[in-house]
Amino acid sequence: MGGLRSGGLGVARAGWSNVIAALFSLLLLSSMQCHAQLSSTFYDRICPNALNTIRTSVRQAVSSERRMAASLIHLHFHDCFVQGCDASILLDETLTIVSEKTTLQNLGSDRGYGIIEDAKRELEKTCPRTVSCAYILAVATKDASVLVGGPSWTVKLRRRDSTTAIHTLAKTDLPGPFDPLDRIISGFANKGLTTRDMVALSGAHSIGQAQCFLFRGRIYSNETDIDAGFASTRRHQCPQEDQNGNLASFDLVTLNQLDNNYFKNLIQRKVLLQSDQVLLSGGSTDSIVSEYSNNPHTFASDFATAMIRMGDINLFTG
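If you're wondering where the values come from, they're calculated on a predicted model, not measured in any experiment.

J.: Honestly, the overall build of the protein chain in this entry has me stumped. Any pointers?
T.: When its secondary structure is counted, the protein chain shows 15 helices and 2 strands. Of all 318 residues assigned to the protein chain, the portion counted as buried reaches 45%. Taking the contacts inside the protein chain whose residues are at least 6 apart along the sequence as the reference set, 74% of them involve residues at least 24 apart. For the protein chain, the accessible surface area stands at approximately 15,700 Å², while carbon and sulfur atoms represent 55% of it.

What follows is the structure in structure tokens.
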């Protein structure tokens, strides 16, 4: 009996060793598969023209309208802040979907949907059912940045598209143009982004335009946090009543260049949105604004890093 017990224990130990080895192999394989999913060369084999196809669509659009670069960056940002960068913002209204496009934060301001659709249509001809819209939007944003003098970065692959939109999250999670600094910081922190990430990403307002109703209160406020001459100039494009959709460029100096001039504008109190000026209002972000205004290379590097980190929000792969 003693011998049988001893032998049984040896078999049990051997069995557990096999189980542990199998589990270790499974974990290793899972890790390898995860890294493979996020490889920057994934489409080289199954859709080798993916990057060129997307780049061509973006280049044509930005060549026709420089503002489109800002629109693509804006679109990607608004996609990522609602359940991650999953292209849910591209979904139209249906019987079962309440589109994110119809929220106040997106309606009339988000543009560039057609560029993503054009690139997807071309890719479907050569690589059907292969390249996701989420990946196209992420790559298009990077290409748009480069085309207007901004930094480049590596976009992680195997992004998967959402099949549903979350209208309510678009209303609550996207930062607003009138938000105070603490709310903006906490909103980004809820997405795993640091205060430095937030300030760097705000630099995207170096390009693009805003609608009159978003900054009317600021330019007619006569407050000390806005340059009087700047406010006076902007009133010509935005009367005190009506014409809510009139557009004004964020930056009057390098309006088609993604650069650190946004931060110089902050120091001079020459920015349109109140949610921009709060970045330089005696708070925790003042020093970062000063740093970026003096060092364009630091801003460009941090902007690229922040875009990568933003792209990792609830990364949906497969």
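Past the structure itself, the notes keep going.
J.: Hey, could you run me through unusual backbone geometry in this one?
T.: Across residues other than glycine, the phi torsion is negative in most instances, and most of the peptide bonds are trans. Even without being a glycine, asparagine 222 presents a positive backbone phi close to 60°. Turning to its location among the elements, asparagine 222 is positioned in the loop between helix H10 (212-219) and helix H11 (228-235).

J.: Please clarify how the pattern of salt bridges should be interpreted in this entry.
T.: With the rule as written, the count across this model stands at 13 salt bridges. For arginine 121, the salt bridge goes to aspartate 118, with nearest N and O atoms at 2.8 Å. Linking arginine 121 with aspartate 118, this pair stays in helix H5 (residues 113-126), spanning 3 residues, or about one helical turn. Each of Arg196, Glu291 and Asp302 takes part in one network of salt bridges that share partners.

J.: What exactly am I supposed to notice about the state of the cysteines here?
T.: Any covalent bond linking the sulfur atoms of two cysteines counts as a disulfide. In this structure the tally under the stated criterion is 3 disulfides. With its sulfur 2.1 Å from that of its partner, cysteine 47 forms a disulfide with cysteine 127. Linking cysteine 47 and cysteine 127, the disulfide has an S-S dihedral of approximately 90° and is accordingly described as right-handed. Of the two residues, cysteine 47 sits in the loop between helix H2 (43-46) and helix H3 (50-64) while cysteine 127 sits in the loop between H5 and helix H6 (133-147), which places them 80 residues apart along the sequence. Judged by relative accessible area, cysteine 47 falls into the buried class, the value being 1%. Residue cysteine 80 pairs covalently with cysteine 85 via a disulfide, S to S 2.0 Å. When the S-S torsion is 115°, as for the bridge of cysteine 80 with cysteine 85, the disulfide is right-handed. Here cysteine 80 falls in the buried class, since its relative accessible area comes to 0%. Among the cysteines of the protein chain that take part in disulfides, numbered as they appear in the sequence, the pairing is 1-4, 2-3, 5-6.

J.: What's the story with the nonpolar core in this structure? I'm lost.
T.: In a soluble, globular protein the nonpolar side chains are often hidden away together inside. Ile54 and Met310 are the most contacted members of the largest nonpolar core, which totals 71 residues. Not counting the four nearest positions on each side in its chain, methionine 310 is found in contact with His76, Phe77, Cys80, Phe81, Cys85, Leu193 and Leu201. Residues Phe215, Cys238, Ala248 and Leu273 belong to the second largest nonpolar core, which totals 13 residues.

J.: I keep staring at helix H9 (residues 195-202) and nothing clicks. Help me out?
T.: Since one α-helical turn is 3.6 residues long, residues separated by three or four positions face the same way. Counting buried positions along H9 yields 6 of 8 residues, so the element is predominantly enclosed. When H9 is considered as a whole, its buried residues turn out to be Asp197, Met198, Val199, Ala200, Leu201 and Ser202. Buried residues in H9 make contact with helix H8 (181-189), helix H12 (261-267), helix H14 (286-294) and helix H15 (296-311).

J.: Explain the packing of aromatic side chains here, please?
T.: For any two aromatic rings, the description comes down to two numbers: the centre-to-centre distance and the angle of the planes. All chains considered together, the criterion is met by 9 aromatic pairs. A ring pair is formed by tryptophan 153 and phenylalanine 303, whose centres lie 6.1 Å apart and whose planes are at 70°; its orientation type is edge-to-face. With tryptophan 153 in the loop between H6 and helix H7 (167-173) and phenylalanine 303 in helix H15, this pair connects stretches of sequence that are 150 residues apart. Here tryptophan 153 matches phenylalanine 303 in class, with each residue buried. Measuring from ring centre to ring centre gives 5.2 Å for phenylalanine 263 and phenylalanine 299, while their planes differ by 65°; the resulting arrangement is edge-to-face.

J.: What should I look at first to understand the side chain of aspartate 259 in this one?
T.: Summarising the element assignment, aspartate 259 is placed in the loop between strand E2 (247-249) and H12. Of note is the side chain of aspartate 259, whose polar atom sits 2.8 Å from the side chain of threonine 254. A distance of 3.1 Å separates a polar side-chain atom of aspartate 259 from the backbone nitrogen of asparagine 261.

J.: Looking at this structure, I do not really get H5. What am I missing?
T.: If you check H5, its first and last C-alpha atoms are 21 Å apart, about what 14 residues at 1.5 Å a residue would give, namely 20 Å. All buried positions along H5 are accounted for by Tyr113, Ile115, Ile116, Ala119, Lys120 and Leu123. When H5 is viewed along its axis, its buried side chains cluster within an angular range of 160° and face the same direction. Where H5 is buried, its residues contact H3, helix H4 (67-80) and H6.

J.: Please explain the packing of H3 against H6 as it appears in this structure.
T.: Geometry of a packed helix pair, given as the angle between the helix axes and the separation of the axes. Viewed as axis vectors pointing N to C, H3 and H6 meet at an angle of 50°, and their least axial separation amounts to 9 Å. It follows from the interaxial angle that H3 and H6 lie oblique. The two elements H3 and H6 meet at a crossing, and its hand is right-handed. Listed contacts from H6 to Leu51, Ile54, Arg55, Val58, Arg59 and Val62 of H3 are Tyr135, Ile136, Val139, Ala140, Lys142, Asp143, Ala144 and Leu147. When its residues are assigned to classes, the contact of H3 with H6 shows 10 nonpolar, no polar and 4 charged.

Each value, and the rule that gives it
- Residues numbered from 1 in each chain as written.
- Predicted model: local features only at pLDDT ≥ 70, side-chain atom pairs only at ≥ 80, totals over all residues.
- Heavy atoms only, no water.
- Helix = DSSP H or I, 4+ residues; strand = E, 2+ residues; numbered from the N terminus.
- Buried < 20%, exposed > 50% of the residue type's maximum accessible area, 1.4 Å probe, protein only.
- Contact = heavy atoms within 4.5 Å.
- Areas by Shrake-Rupley, 256 points an atom, 1.4 Å probe, with all protein chains shown as cover.
- Salt bridge = Lys/Arg side-chain N within 4 Å of Asp/Glu carboxyl O.
- Disulfide = S-S within 2.5 Å.
- Core = buried A, V, L, I, M, F, W, Y, C linked by side-chain atoms within 4.5 Å.
- Phe/Tyr/Trp six-rings, centres within 6.5 Å; stacked < 30°, edge-to-face > 60°.
- Polar contact = N/O pair within 3.5 Å; in protein donor to acceptor, adjacent residues only side chain to side chain.
- Expected span 1.5 Å × (residues − 1).
- Arc of directions from axis to C-beta.
- Axes fitted to C-alpha atoms, helices over the stretch in contact; angles between N-to-C directions.
- Parallel < 35°, antiparallel > 145°, perpendicular 65-115°, else oblique.
- Left-handed = near helix turned anticlockwise from the far one by under 90°.
- Nonpolar A, V, L, I, M, F, W, Y, C, P; charged D, E, K, R; others polar.

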